[in-house]
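Descriptive structure summary
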Amino acid sequence: MKSSNKVIGYLFLSICAIISIFPFYWMVVSMTNTSSDVTRGKLLPGGHFIENLKNLLQTVDLVPALTNSAIIAVSTTVLSLLIASLAGYGFEIYRSKAKDIVFNILLLSMMIPFAALMVPLFRMFGSFTPILPFIGIDTLSAVVLPTITTAFLIFFFRQSTKMFPKEILEAGRIDGLKELGIFFRIYVPTMKTTYAAAAIITFMASWNNYLWPLVVLQSPENQTIPLLISNLGSSYSPDYGMIMMAIVIATLPTAIIFFFMQKHFVAGMMGSVK
Amino acid sequence: MNIPEKLGPEKLAKKPAPRPARSLRLKNTLIGWSFVAVASLLIGIFYFFPMVQALIMSFQSGTGVNLSFVGFENYIRLFQDPVFLTTVKNTVIYLIIQVPVMILLALFLSVVLNNKTLKWKGFFRTAIFLPCVTSLVAYSVVFKYLFAPDGIVNMTLMKINLVSEPVQWLTDPFWAKITIILAITWRWTGYNMIFYLSALQNVDQSIYEAAKIDGASAIQQFFKITIPMLKPIILFTSITSTIGTLQLFDEVMNITAGGPGNSTMTISQYIYNLSFKYTPDFGYAATVSYAIVILIVIFSIIQFKAGGEKK
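Calculation criteria
- Residues numbered from 1 in each chain as written.
- Chains lettered and ligands numbered in written order.
- Predicted model: local features only at pLDDT ≥ 70, side-chain atom pairs only at ≥ 80, totals over all residues.
- Heavy atoms only, no water.
- UniProt positions renumbered as here; feature names shortened; annotations may be inferred.
- Contact = heavy atoms within 4.5 Å.
- Buried area = accessible area lost by both parts, 1.4 Å probe.
- Salt bridge = Lys/Arg side-chain N within 4 Å of Asp/Glu carboxyl O.
- Polar contact = N/O pair within 3.5 Å; in protein donor to acceptor, adjacent residues only side chain to side chain.
- Phe/Tyr/Trp six-rings, centres within 6.5 Å; stacked < 30°, edge-to-face > 60°.
- Helix = DSSP H or I, 4+ residues; strand = E, 2+ residues; numbered from the N terminus.
- Buried < 20%, exposed > 50% of the residue type's maximum accessible area, 1.4 Å probe, protein only.
- Lys NZ or Arg CZ within 6 Å of the ring centre and 35° of its normal.
- Expected span 1.5 Å × (residues − 1).
- Arc of directions from axis to C-beta.
- pLDDT = per-residue confidence, 0-100.
- Axes fitted to C-alpha atoms, helices over the stretch in contact; angles between N-to-C directions.
- Parallel < 35°, antiparallel > 145°, perpendicular 65-115°, else oblique.
- Left-handed = near helix turned anticlockwise from the far one by under 90°.
- 1 Å grid on protein atoms, 1.4 Å probe; cavity = no way out; pocket = protein on both sides within 12 Å on 5 of 7 lines; lining within 4 Å.
- Points joined across faces, edges and corners; volume = space filled by probe spheres on them.
- Nonpolar A, V, L, I, M, F, W, Y, C, P; charged D, E, K, R; others polar.

Identification of chain B as Lactose ABC transporter permease from Terribacillus saccharophilus is taken from an unreviewed UniProt entry. Among the UniProt annotations of chain B, the heading Sequence similarities (unreviewed entry) holds the following wording: "Belongs to the binding-protein-dependent transport system permease family."

Quick look at the structure:
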């Protein structure tokens, strides 16, 4: 590469990197400053971290919202992984023409926008309310149920299963394992990295989900973190320091996952293409 | 030693007897189907069944749950509804400006990052990918404050004398759209870049060597080699980005709330408003939702054709 090209390359990358990082820097710095400091454009850390945290805890129900989000995200992740990996394995290992047709039909669901589903789903869960109140409107289960099965995740597991050495399955059968036993004792342990990647994708999507919880959750005690942030953000006289504190706390779990599991994180994204 | 001789053939004869091929196949089929049953059932219940319901509802009208059949009235209303037409226009504007800009930017970044002699590669890659860890709501609120009339962006632009008075990023119909586009581009460019980076690693470097010997410039190499080589992955990312943009909701809701007027409102937000903000009209909302489905299908077909892939 010519040296002038190189300089342009570094300049381009540096500008993009600064633009990418700046909002994070601003978030973190602002959570230690007073609201008026933030408006004044202060870009250095201040000493109001504790004060902002106290304000936040007093103004909103942060801990219940974190708990709700955690319950929803963890149960969604566990159930999704189980259901999608069983299906992805089933479609690949017990492959048949009929199953391939069903698989392709399932893939079509990826084209369906959630906005188109939200009204009928809202009515469906509304009709559950009188008969099965624990999965009706305004319950955490109602948030979880429609999101636990995605065609994308089934596709993801099926693609990964293609690389799975099938001879091991025969060995398991000869050892007298039942089909479900083979799945849980042989397949699951060997596919750890696939599960890790899938778990990251699902957890993040669930932790950050906004539209469906906004539609289906009504009472304040069922609020999730994105709903809480959105409410804070739309207040007329925002306390910037406090809101930035809430945003940093909400971003922390996914940021931690990203930094400690970067490889799985990227593998999860890539796996969907191969 | 007759006994083993007697047992031998008996065993052999017995072995295949209880497992005739047909029942084995049937059993295997049943096991196979049971593996995929739960997932298929759930997708049926939570995707396809609601879509059928939405189709039925799109021929109904009324407030809340009191719906009655009105024939094609909703579809006629759709084409005369100025708000709906505005939301379609807005959504398509986001789409045709944002998706190509982001994909080109991501491609450039990946090409520059793919250079073997580049230093701090890991840092740049991580930094540019970092926006992907934020939740859509969280980053939208941050962008709303950054682009406020007295926000950091205006402050900086005025300090370096690029503008003399604050740009109305959130309250001017034109600039509000730009803000939304900038926000989405910030959030998703790094995501797309990662796909191109991994695809570039599979491109044979000798092609570039040959091109260099033939005197091809960096720009020529980019358009004549890189883009054609990455065509399948570009197609994949442009389809996912298109589907994502057509469903845009979180950002608009939290940055501009659809305003000023309806000038940034998207179709998804209009469906939400029709169902849960205004006097609920589920029937008409369902009609509008079919509009997104149709748009997604149309744009996906266009991209497949343009991409020239048969898959």
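Examining the interface of chain A and chain B
How big an interface is tends to be stated in terms of the accessible area lost upon association of its parts. With 90 residues of chain A in contact, the opposing surface of chain B contributes 83 residues. Note on chain A versus chain B: buried area summed over both sides is about 7400 Å², and carbon and sulfur give 81% of it. The largest per-residue losses of area from chain A upon contact with chain B belong to A:L13, A:M111 and A:R123, which jointly make up 9% of the total buried on that side. At the junction of chain A and chain B, the tally comes to 0 salt bridges. Taken together, chain A and chain B are joined by 8 residue pairs in polar contact (both at pLDDT 80 or more).

With respect to the packing of aromatic side chains
To describe a pair of aromatic rings, one takes the distance between the centres and the angle between the planes. This model, assessed by the stated rule, comprises 46 aromatic pairs over all chains. With centroids separated by 5.9 Å and ring planes inclined at 35°, the aromatic side chains of A:Y210 and B:F249 adopt a geometry described as tilted. Taken together, the residues A:Y210 in the loop between α11 (192-208) and α12 (211-216) and B:F249 in the loop between α11 (231-246) and α12 (250-255) connect one chain to another. The same class applies to A:Y210 and to B:F249, which are both buried. Through a chain of ring-to-ring contacts, three or more aromatic side chains come together here, namely A:F24, B:Y139, B:F143, B:F147, B:W169, B:F174, B:W175 and B:W186. Residue placement shows B:R77 over the ring face of B:Y284; its charged tip is 3.7 Å from the ring centre. One cation-aromatic arrangement involves B:R187 over B:W188; the distance from NZ or CZ to the ring centre is 4.5 Å.

Quick word on helix α5 (residues 97-108) of chain A
Residues and elements named next belong to chain A. Between its terminal C-alpha atoms α5 stretches 17 Å, which fits the 16 Å expected from 12 residues at 1.5 Å a residue. Taken as a whole, α5 has its buried residues at K99, D100, F103 and L106. Take α5 and look down its axis: the buried residues cluster within an arc of 115°, on one side only. Opposite its buried face, α5 presents the exposed residues K97, I101 and L108, each directed more than 90 degrees away.

Some points on the pattern of salt bridges
Residues and elements named next belong to chain A. Evaluated as defined, the whole model comprises 7 salt bridges over all chains. Close ionic contact of R158 with E92 constitutes a salt bridge, the shortest N to O distance being 2.9 Å. Of this pair, R158 sits in helix α8 (residues 151-161) while E92 sits in helix α4 (residues 62-93), and the two are 66 residues apart along the sequence. With a relative accessible area of 3%, R158 lands in the buried category. Its salt-bridge partner being E179, residue R173 comes within 2.7 Å of it at the nearest N-O pair. Residue R173 is classed as partly exposed on the basis of its relative accessible area, which comes to 28%. With a relative accessible area of 13%, E179 lands in the buried category.

Side note on the confidence of the model for chain A
Per-residue pLDDT for chain A has a mean of 88; in total, 96% of the residues score no lower than 70. Considering each helix and strand of chain A separately, the mean pLDDT is smallest for helix α15 (residues 262-271) of chain A, with a value of 69, and largest for α4(A), with 94.

Considering the packing of helix α9 (residues 167-174) of chain A against helix α10 (residues 179-190) of chain A
Residues and elements named next belong to chain A. Interhelical geometry of α9 versus α10 gives an angle of 125° and a closest axis separation of 10 Å. With respect to each other, α9 and α10 are oriented oblique. Judged by the twist between their axes, the crossing of α9 over α10 is right-handed. When α9 is examined against α10, the residues I168, L169, G172 and R173 are found in contact with a partner set consisting of E179, I182 and I186.

Details of empty space enclosed by the protein
Summed over all chains, the structure comprises 2 cavities of 30 Å³ or more. The calculated volume of the largest cavity comes to roughly 70 Å³. A:W26, A:V38, A:T39, A:Y240, B:Y145, B:A148, B:D150, B:G151 and B:I152 are the residues that line the largest cavity. The class makeup of the residues in the lining of the largest cavity is 6 nonpolar, 2 polar and 1 charged. Estimated volume of the second largest cavity: approximately 50 Å³. Together, A:S69, A:I72, A:A73, A:V143, A:S206, A:W207, A:N209, A:P213, A:T224 and A:P226 line the second largest cavity. Counting residues per element, the ones that place at least two in the lining of the second largest cavity are α4 and α11 of chain A. Among the elements that line the lining of the second largest cavity, the one with the most residues is α4(A), at 3 residues. Within the lining of the second largest cavity, the residues separate by chemical class into 6 nonpolar, 4 polar and no charged.

Looking at the environment of B:T117
Secondary-structure assignment places B:T117 in the loop between α4 (82-113) and α5 (121-129). For B:T117, a relative accessible area of 47% corresponds to the partly exposed category. Here B:T117 is in contact with A:K6 and A:Y10, once residues within four sequence places are set aside. Among the polar contacts listed, one links the side chain of B:T117 to the side chain of B:N115, at a separation of 2.9 Å.

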